[in-house]
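Fold and geometry: a report
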Amino acid sequence: MPEERIQKVLAAAGVASRRAAEALVAEGRVRVDGRVATIGLKVDPERSSIEVGGRAVGIGAARAYVALHKPAGVTSTTRDRHAATTVLDLVPTALVPDGSRLYPVGRLDQDSEGLLLLTNDGDWAERVLHPRFGVEREYAVGLRMPLSGDQARALNAGVRLDEGLARLMGPLRSAPAGKIRELAATLDPPPDPSLSWYLATLQQGWKRQLRRMFGAVDAPIARLVRVRIGSVSLGELRSGRSRTLKAPEIAALTGAVASTKHTNPKRNNPKRRPVR
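A brief report on the enclosed structure follows. Chains are numbered independently. Their residues run from 1 in the order of the written sequence. Where totals are concerned, whole chains, interfaces and linings use all residues; where local detail is concerned, this predicted model gives features only for residues with pLDDT of at least 70, and gives and counts side-chain atom pairs only at 80 or more. In computing side-chain properties, one takes all heavy atoms of the structure into account and sets aside hydrogens as well as water.

So, on to the overall build of the protein. Within the protein, the regular secondary structure consists of eight helices and 17 strands. In this description, contact between two residues means that some pair of their heavy atoms is separated by no more than 4.5 Å. Across the protein, contacts joining residues at least 24 apart in sequence account for 72% of those joining residues at least 6 apart. The way it works is that DSSP assigns letters per residue, a run of H or I at least four long becomes a helix, a run of E at least two long becomes a strand, and they are numbered from the N terminus.

Here is the rule: rings of Phe, Tyr and Trp (six-membered ring for Trp) pair when centre to centre is within 6.5 Å. Planes less than 30 degrees apart are stacked, more than 60 are edge-to-face, and the remainder are tilted. Tallying each qualifying case throughout the model produces one aromatic pair. Judged by centre distance (4.9 Å) and plane angle (70°), the ring pair of Tyr-65 and Trp-124 falls under edge-to-face. Here Tyr-65, found in strand 7 (residues 65–70), pairs with Trp-124, found in helix 3 (residues 122–129); they are 59 residues apart in sequence, far enough to count as distant.

Residue placement: Glu-249 occurs in helix 7 (residues 247–254). When sequence neighbours within four positions are dropped, the list of residues in contact with Glu-249 reads Val-232 and Arg-243.

Turning to the nonpolar core, a few remarks are in order. By size, the foremost hydrophobic cluster in this structure holds 27 residues, and its most contacted members are Leu-117, Trp-124, Leu-183, Trp-197, Val-225, Leu-245 and Leu-253. When contributions to this core are tallied by element, the ones reaching two or more residues are strand 7, strand 9 (113–119), helix 3, helix 5 (177–184), strand 14 (196–202), strand 15 (221–229) and helix 7. Look past the residues within four positions of Leu-183 in its chain and what remains in contact with it is Ala-140, Trp-197, Val-225, Val-227 and Leu-234. Judged by nonpolar contacts, the second largest core, of 21 residues, contains Leu-168, Leu-172, Leu-202 and Phe-214. In plain words, nonpolar cores are sets of buried Ala, Val, Leu, Ile, Met, Phe, Trp, Tyr and Cys residues tied together by side-chain atoms within 4.5 Å. Summary of the burial criterion: residues with accessible area below 20% of their type's maximum are buried, those above 50% are exposed, and those between are partly exposed, where the area comes from a 1.4 Å probe applied to protein chains only.

In an α-helix there are 3.6 residues to a turn, and that puts residues three or four apart on one side. Buried within helix 6 (residues 209–216) we find Gln-209, Leu-210, Arg-211, Met-213 and Phe-214. The inward-facing, buried residues of helix 6 contact strand 10 (137–143), helix 4 (149–157), strand 11 (159–161), strand 12 (164–166), strand 14 and strand 15. Just beyond helix 6, the residue with positive phi is Asp-218, at close to 60°.

Once that is clear, we can look at the pairing of strand 15. For strand 15, the tally of buried residues reaches eight of nine residues, placing the bulk of the element in the interior. As paired strands, strand 9 and strand 15 are joined by two bridges and run parallel to one another. The residue of strand 15 that forms the bridge with Glu-113 is Val-225. Across seven bridges, strand 10 lies against strand 15 in antiparallel orientation. DSSP-based pairing: two strands are paired if at least 2 bridges between them are found.

This paragraph deals with the pattern of salt bridges. A carboxyl oxygen of Asp or Glu within 4 Å of a side-chain nitrogen of Lys or Arg is what we treat as a salt bridge. Under the defined criterion, the tally for this structure stands at 16 salt bridges. With a shortest N-O distance of 4.0 Å, Glu-126 and Arg-19 are connected by a salt bridge. A residue pair is termed long-range when its members are at least 10 positions apart, and Glu-126 in helix 3 and Arg-19 in helix 2 (residues 18–26) qualify at 107 residues. By relative accessible area, which is 17% here, Glu-126 ends up buried.

Keep in mind these values describe shape, not function.
Here it is in structure tokens:
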């Protein structure tokens, strides 16, 4: 087998995306044949002994793609030694191929909940995460008080954060009552019935972006649920439960979704009215 750069080998083995694999190498956590690896090192995965954090990396494991409804209070990072429960603890072993380990595709804050994808396919994860592919992430945002007109206009115009101007992908929308009833049936604990719900879509994906945006207009978020990633929806998946992705879902997230960058939300959703 021809030699490949170590970060590409790690991604192919399902350890992490290429970018995350580079970080692991830079941190000195990767060893090849007993020696600390360097970024760009070329290896033959069939002949070399590769370890990450002291654990051997399996090459050629079957690919797995899982959708999980992450509950609030569960961490989505797998490196937190102090976390009582991580998302990996919620995935049944039957969904994890032998000799492999799943990793979250992106993350959800510990106090947020909803759809999270996990896989052992690093290249696929990279395509889902990379901004150039424009994979949308839609959230249901529960507030203690309805937004005022000024607050809604400020959010739709964009909010200045440390990273730059934080923008929504399309206008903020009031969530239909029927959609919230369906969502509430999947949540544990059930949401406060007095909450006002909105739908917000992002492509930027900055850390705690929505919480910071709403906080900046004095509208703190009481409940934040991710309901969609690209064409994959949370649907009826209950809190703490998981399922394997279907083949069309897997393909859509790395192929057809690239065209969503050019989608006009107003044209495709003529009945959805923005909050003003």
